[in-house]
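Residues per chain are reported as follows:
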Amino acid sequence: MLDFFTIFSKGGIVLWCFQGAGVTESFTGPVNALIRSVILQERGGNNSFTHEALSMKYKLDNEFELIFVVGFQKILTLTYVDKFIDDVQLHFRDRYKNELEQKGALKHVNNTFDFEDRFKKLLREAEESSKARSPPPMRSFEKSEKSQKTVKSMIETKGGDKAKEQGGKKNKHTKKEAPAVEPAKGDQGKTPPSGQKAVVNGNQGLSPEEIIQKKREDFFRKRMMGPAEKPIKSPKPQKPKEKQNRVWENAGSSAKNLDYSNKNGEASPGDSERNLDARFDPDMQVSSMKGDLLSVDYESSEEGEMEDEEEEEVVVSETSKTSPKKSGGFGGMFGMLKGLVGSKSLSREDMEPVLEKMKDHLIAKNVAADISSQLCESVAKKLEGKVMGTFTTVASTVKQALQDSLVQILQPKRRVDILRDVMEAQSQRRPFVVTFCGVNGVGKSTNLAKISYWLIENGFSVLIAACDTFRAGAVEQLRTHQRRLNSLHPPEKHGGRPVIQLYEKGYGKDAAGIAMEAIAYARNQAFDVVLVDTAGRMQDNAPLMTALAKLIAVNMPDLVLFVGEALVGNEAVDQLVKFNQALADHSMSDKPRLIDGIVLTKFDTIDDKVGAAISMTYITGQPIVFVGTGQTYNDLRSLNARAVVGALMKA
């Protein structure tokens, strides 16, 4: 039933392995994929991993730095695997505890671990226990809810609801009315005396003297309390303040400076493009962006660090307070020292309150809720059974482990160096093609223009393919950016040839066909880079997602960038999963082309709520290539993983 079972150290030394009968294929490929994709990327929140036709389950032993991996066919449903891998771990640890406690890789290499007999016995017991476990018996009809129903309860009567409503109204009226007391049979003709009226008013069982005494006490109580306070009236709603006119720093205060309609009207129709190019404000000039992009940076907050230290002290003091044993006046001091000194290994119970606090903190910083849970679960598995360092708290240990995991996630598995890739495409005499995709309104066209400016600054010629044939004004927006960039880099400085051109065929056309024609045109005209702008689409729109998958499958761009905004929270998970799923479903090849990188926009609007970067990178496993930090062409940055994690962990 099992294809393989292997035990190896975190240093990469295989201590023992087992291969199932009839299995000829090597399992090194799937295990290496598990190490690369899960263990090295700190994605241990889920203990299962799928590679091609194999399903694998793994367990970490942090005390002895071991990894236990079992593999079986994906089509099989083996219910005993989780318990079996736990049993193997316990027996292997107990049997070879002395050998495992010896430090150093050479010690493990020299030792021989003869574990096959014990392993086969455990496997046989696990398989037999799964067969012996009978399915739960079916409920009899008498035990089901359907047996409680009768024919009368299922008959619907006419006007039943009305009768209920009338009954309800009657009940309400009867509650308001005071219940009348029926006189005794012998006294029906007589009028009740005044003493009996008091009985009706709620003084049952009291004599007239007691009633007078009770009323006297009520009177004195009211006199002592003073006059009854008048009910406070709710304050009148204040009129909202009128909206103040906004004064822009660079535009001045007069509206005449902002009105360009007369200037446009005075010019002749033929001179419109030339006037647009000439009308360029020197105050709005942008600085040079040659070379690599600057990284996003945050100032370190000393106050935040001090707050964290105070929180850690509170956690330690709380753990010492809740300890069941108290020994005299020094109990609190010794309890705190016991919490600080590394005298025991970490357990799940020790980490639970800290992990809950960390999870809430990550969600508050805009990390998706599912991703927060998986990250905390991964940290718990990484630390469980690990011996704490001397004079360290549980909070500081968990926080440091989470910080390391976040940095590992944000650092890409592969480096995306666009300048190097463009030069390599130049040597092959072909254009480097980049496709931008994403949902509506995230800033695809604006950030495409920023990336165009960065490429032009580094000496490359750019062709923009206007493949957004759906949104009104999309082509005009790109044409405005083209004019603007050509005014920043006039053709006279580049041998009379414009450094950026727009390839467009209007609206309502097939986007995949326009992209194909643009790439062919760029190859003939020796353009270095083709940037393909696509229409924004929601991840649930099946026809538009099919069209995007067709565009990518037909043209095979060098880079597919997903443009997402930093303001998004849980929606980031849904967007990226469905975009990748649509590209995989509608691809015509066995190895479909998925998202290669992420452009994170509107990063200047979120302060330190940078959780979207974690969510997007965790879902795709792809790096964040560009970060948009504003609306000018200079506002483009690369991601600094440590700075982002520092902002994320800041209190």
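Residues numbered from 1 in each chain as written. Predicted model: local features only at pLDDT ≥ 70, side-chain atom pairs only at ≥ 80, totals over all residues. Heavy atoms only, no water.

### What about the overall build of the protein chain?
In terms of helices and strands, the protein chain carries 24 helices and 13 strands. Counting over 651 residues, the protein chain shows a buried share of 39%. Within the protein chain, counting contacts between residues at least 6 apart in sequence, those at least 24 apart form 74% of the total. Split by element, the accessible area of the protein chain, about 40500 Å² in all, is 52% carbon and sulfur. (Helix = DSSP H or I, 4+ residues; strand = E, 2+ residues; numbered from the N terminus. Buried < 20%, exposed > 50% of the residue type's maximum accessible area, 1.4 Å probe, protein only. Contact = heavy atoms within 4.5 Å. Areas by Shrake-Rupley, 256 points an atom, 1.4 Å probe, with all protein chains shown as cover.)

### Some words on the sheet that holds strand β1 (residues 2–9)
Spatial strand order, β2-β1-β5-β4-β3: 5 strands in an open sheet with antiparallel pairing. Every interior strand has two partners, whereas the edge strands, β2 (14–19) and β3 (48–51), have only one. On average, adjacent strands in this sheet sit at an angle of 15° to one another, irrespective of strand direction. By the bridge criterion, 8 bridges tie strand β4 (residues 54–61) to strand β5 (residues 66–73) in an arrangement that is antiparallel. Across the sheet, S55 pairs through a bridge with F72, a residue of β5. In this fold helix α1 (residues 28–39) packs onto β1, β3, β4 and β5, with an angle of close to 125° to the strand it touches most, β3. This element, helix α2 (residues 81–95), spans β1, β2, β4 and β5 of the sheet and lies at about 40° to β4. (Pairing = 2+ DSSP bridges. Axes fitted to C-alpha atoms, helices over the stretch in contact; angles between N-to-C directions.)

### Digging into the pairing of strand β11 (residues 597–601)
Counting buried residues along β11, 5 of its 5 residues qualify, which places the element largely inside the surrounding structure. Where burial is concerned, the two faces of β11 agree: the one with G597, V599 and T601 and the one with I598 and L600 are both buried. In the sheet, strand β10 (residues 559–565) pairs with β11 via 5 bridges, with the strands oriented parallel. Its bridge partner lying in β11, L561 is registered against G597. With helix α22 (residues 571–585) bridging β10 and its parallel neighbour β11, the resulting β-α-β unit is right-handed. Considered for its hand, the β-α-β crossover made up of β11, helix α23 (residues 611–620) and strand β12 (residues 624–628) is right-handed. (Right-handed = clockwise from strand over helix to strand, strands pointing away.)

### Re the sheet that holds strand β9 (residues 529–534)
The 8 strands lie next to each other as β8-β7-β9-β6-β10-β11-β12-β13, forming an open sheet whose pairing is mixed. The open sheet has two free edges, formed respectively by β8 (500–503) and β13 (636–637), since each of these has just one partner strand. Helix-sheet contacts for helix α20 (residues 511–524) involve β6 (432–438), β7 (462–467), β8 and β9, and the interaxial angle to β7 is about 165°. Relative to β9, helix α21 (residues 542–555) is tilted by about 165°, and along the sheet it contacts β6, β7, β9 and β10.

### A look at the confidence of the model for the protein chain
Per-residue confidence for the protein chain averages 76 on the pLDDT scale, and 72% of its residues sit at or above 70. Within the protein chain, the lowest mean pLDDT, 42, falls on helix α12 (residues 302–321), and the highest, 95, falls on β9. Counted against residues more than four places away or in other chains, residues 161–200, with its pLDDT under 50, gives 4 contacts. The low-confidence segment residues 263–280 (pLDDT under 50) makes 11 contacts with residues lying over four places distant or belonging to another chain. (pLDDT = per-residue confidence, 0-100.)

### Topic: the pattern of salt bridges
A complete count under the given rule lists 18 salt bridges for this structure. For R93, the salt bridge is made with D61, and the minimal N-O distance between the two is 2.9 Å. Linking R93 in helix α2 with D61 in strand β4, this pair joins segments that are 32 residues apart in sequence. Take D61: its relative accessible area is 2%, and that puts it in the buried class. Of the charged contacts, one joins K365 and D608 as a salt bridge, the two residues approaching to 2.5 Å between their closest N and O atoms. Placement of K365 in the loop between α14 (348–364) and α15 (369–383) and of D608 in the loop between β11 and α23 is noted, with a sequence separation of 243 residues between them. In terms of burial, K365 and D608 fall into one category: buried. (Salt bridge = Lys/Arg side-chain N within 4 Å of Asp/Glu carboxyl O.)

### A few points about a nonpolar patch on the surface
Taken together, the side chains of M1, I75 and L76 define a hydrophobic patch exposed on the protein surface, amounting to about 340 Å² of accessible area. As for its placement among the helices and strands, L76 is situated in the loop between β5 and α2. Here L76 falls in the partly exposed class, since its relative accessible area comes to 30%. (Patch = residues over 30% accessible without salt bridge, like charges linked within 9 Å, V, L, I, M, F, W, Y side chains within 5 Å.)

### A look at α20
An α-helical segment advances 3.6 residues per turn. Residues three or four places apart therefore align on the same side. Taking 1.5 Å per residue as the helical rise, α20 with its 14 residues ought to reach 20 Å, and the 20 Å between its terminal C-alpha atoms agrees with that figure. If you check which residues of α20 are buried, you get A511, A512, I514, A515, A518, I519 and A522. With its buried residues spanning 160° around the axis, α20 presents them on a single face. In this structure, the buried residues of α20 make contact with β6, β7, β8, β9 and α21. (Expected span 1.5 Å × (residues − 1). Arc of directions from axis to C-beta.)

### Quick word on α15
Helix length check: α15 (15 residues) gives 21 Å between terminal C-alpha atoms against 21 Å at 1.5 Å per residue, within 8%. Taken together, the buried positions of α15 are occupied by I371, S372, L375, C376, S378, V379, A380, K382 and L383. Tucked inside the fold, the buried residues of α15 contact α14, α16 (394–410), α22 and α23. In the stretch just after α15, G385 is the one whose phi turns positive, near 90°.

### Points about the pairing of β2
Of the pairings in the sheet, the one linking β1 to β2 comprises 5 bridges and is antiparallel in character. Looking across to β2, one finds that F5 is bridged to F18. Hairpin remark: β1 followed by β2, antiparallel, with 4 residues in the connecting loop; positive phi at G12, about 100°.

### Quick word on the packing of α14 against α16
For the pair α14 and α16, the least separation of the axes is 10 Å and the interaxial angle reads 45°. The pairing of α14 with α16 is recorded here as oblique in orientation. Here the hand of the crossing between α14 and α16 comes out right-handed. Across from D350, M351, V354, L355, M358 and L362 in α14, the residues of α16 making contact are V394, A395, V398, K399, L402 and L406. Along the lines of polarity and charge, the residues of the contact of α14 with α16 split into 10 nonpolar, no polar and 2 charged. (Parallel < 35°, antiparallel > 145°, perpendicular 65-115°, else oblique. Left-handed = near helix turned anticlockwise from the far one by under 90°. Nonpolar A, V, L, I, M, F, W, Y, C, P; charged D, E, K, R; others polar.)

### Quick word on unusual backbone geometry
Here A526, not a glycine, exhibits a phi torsion of approximately 60°, which is positive. Mapped onto the fold, A526 is located in the loop between α20 and β9. Non-glycine residue M556 carries a positive phi angle of around 45°. Counting through the fold element by element, M556 comes out in the loop between α21 and β10.

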